[in-house]
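# Fold and contact review
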Amino acid sequence: AVTAAKIADAVGLGKIGQVVSTNVSAVDVSTTSSSFSDISGFSVAITPTATSSKILIIVNASIGNGTQTSNNYIRIQRVISGGATTSIARGGSLNSNETGSMYWRVDQGGQDDYNVHQEAVNFLDSPSTTSATTYKLQWGTNAGTLYLNRAGDLAGTDAYAHIPCSSTITVMEVLA
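What counts, and at which threshold
- Residues numbered from 1 in each chain as written.
- Predicted model: local features only at pLDDT ≥ 70, side-chain atom pairs only at ≥ 80, totals over all residues.
- Heavy atoms only, no water.
- Buried < 20%, exposed > 50% of the residue type's maximum accessible area, 1.4 Å probe, protein only.
- Helix = DSSP H or I, 4+ residues; strand = E, 2+ residues; numbered from the N terminus.
- Pairing = 2+ DSSP bridges.
- Salt bridge = Lys/Arg side-chain N within 4 Å of Asp/Glu carboxyl O.
- Polar contact = N/O pair within 3.5 Å; in protein donor to acceptor, adjacent residues only side chain to side chain.
- Contact = heavy atoms within 4.5 Å.

## With respect to the pairing of strand S5 (residues 71-80)
Here is the key point about a regular strand: its side chains alternate between the two faces of the sheet. Among the 10 residues in S5, nine count as buried, and that is most of the element. Two strands pair when backbone bridges link them, and S5 and strand S7 (residues 102-105) are joined in this way by four bridges, in the antiparallel orientation. In the sheet register, Ile 74 faces S7, and the bridge partner there is Met 102. Two elements, S5 and strand S9 (residues 133-141), share nine bridges in a ladder whose sense is antiparallel.

## A short note on the pattern of salt bridges
Within the structure shown, the criterion is met by two salt bridges. Residues Asp 38 and Lys 136 are paired through a salt bridge, measuring 3.1 Å at the closest nitrogen-oxygen approach. Of this pair, Asp 38 sits in strand S3 (residues 37-46) while Lys 136 sits in strand S9, and the two are 98 residues apart along the sequence. Judged by relative accessible area, which is 44%, Asp 38 ranks as partly exposed.

## What about the side chain of Thr 141?
Here Thr 141 shows up in strand S9. Within the structure, the side chain of Thr 141 is placed 2.8 Å from the side chain of Asn 72, a separation counted as a polar contact. From its side chain, Thr 141 meets the backbone oxygen of Ala 143 in a polar contact 2.9 Å long. Beyond its immediate chain neighbours, meaning those up to four positions away, Thr 141 contacts Thr 31, Thr 32, Ser 33, Ser 34, Asn 65, Ser 70, Asn 71, Asn 72, Tyr 73 and Leu 146.

Next comes the structure, spelled out in structure tokens:
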């Protein structure tokens, strides 16, 4: 019997065309900027094979800030070669606030400043291009220093105190 799944399989609908990933394990990447700025090394490029393709973006970012009550924010940007730069996977407008893809606040009075926050976003983008497209992360904070792959405060010297992490951005082309 002919089924929708067999037809989709025969013509290639919904298949993954390509997968590209960047893993960042460096622990010396940081910022004190209150404006969005690029996270060094945290980007990935893909060239879609068709304008109808969608790009599935999977981000896992390990980030710390040692300053209590700091507001910390991340956004994903799409940069099309020879074209526009667009912030994607953002929240809706609230008052006159900036919009982003991820946000957290370091708790006051607790041990949150010793934590590495695991921020994750999955987003299905429709870039409508066959030009090389880069997806990158930008970050900012209103106080202290943001660190990639480590806690903001480092205390203790035993082997299991403040274990460094890694961060990954993966993109997959989903064929139409």
